[in-house]
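Next come the chains, spelled out residue by residue.
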Amino acid sequence: MLRARLATAAVAIPLLLALFLLGPLWGVTAFVAVIAVLGIAELATMAFPDDRRERVATLAAGALLVAAVSTGNPQWTVAALLGVVFAAYAWVLLVVPDF
């Protein structure tokens, strides 16, 4: 187990360093965005193990925020953040039955 992790780190760390130091900005941005969406998917799975609708809504909201931040445009980021906050309020008030 430890040997496999060390082998993975021996291959992954130089590749990540090369990407971050030598790669184009769009490559770094795409890598970070993919990792962020994977993290959001894992969080949604842990937070809502029995409710698929909640997981999908969480993943959609998170992916929208990641996409907005990835553009580098603060106006898109603020618009996406406000849209997600208002959508979350509406979701809780209209969809969640035990609120």
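The structure under discussion appears in the preceding block.
The structure reproduced in this document is the subject of the present report. (Residues numbered from 1 in each chain as written. Predicted model: local features only at pLDDT ≥ 70, side-chain atom pairs only at ≥ 80, totals over all residues. Heavy atoms only, no water.)

Let's shift gears to the overall build of the protein. Secondary structure summary: the protein contains 4 helices and 0 strands in total. The N-to-C order of helical and strand elements in the protein reads α-α-α-α. Its C-alpha atoms give the protein a radius of gyration of 18 Å, more than 25% over the compact-globule value 13 Å for 99 residues. For the C-alpha atoms alone, the extent of the protein along its principal axes is close to 50 × 40 × 10 Å. By residue count, 11% of the 99 residues in the protein fall in the buried class. Here the contacts in the protein between residues at least 6 apart in sequence split such that 27% fall between residues at least 24 apart. Distance between charge centres in the protein, computed from 5 positive and 5 negative side chains, equals 14 Å. (Helix = DSSP H or I, 4+ residues; strand = E, 2+ residues; numbered from the N terminus. Rg over C-alpha atoms; globule rule 2.2 N^0.38 Å. Buried < 20%, exposed > 50% of the residue type's maximum accessible area, 1.4 Å probe, protein only. Contact = heavy atoms within 4.5 Å. Lys, Arg positive; Asp, Glu negative; His and termini not counted. Charge placed at Lys NZ, Arg CZ, Asp CG, Glu CD.)

Turning our eyes to something else, we now look at helix H3 (residues 52-71). Along its 20 residues, H3 runs 29 Å from first to last C-alpha, staying within 8% of the 28 Å computed at 1.5 Å per residue. Looking at the packing, one finds that the buried side of H3 touches helix H2 (25-47) and helix H4 (74-94). Following H3 by one or two positions, Gly-72 has its phi on the positive side, about 80°. (Expected span 1.5 Å × (residues − 1).)

Fair warning: the whole summary comes from geometry, so function is off the table for now.
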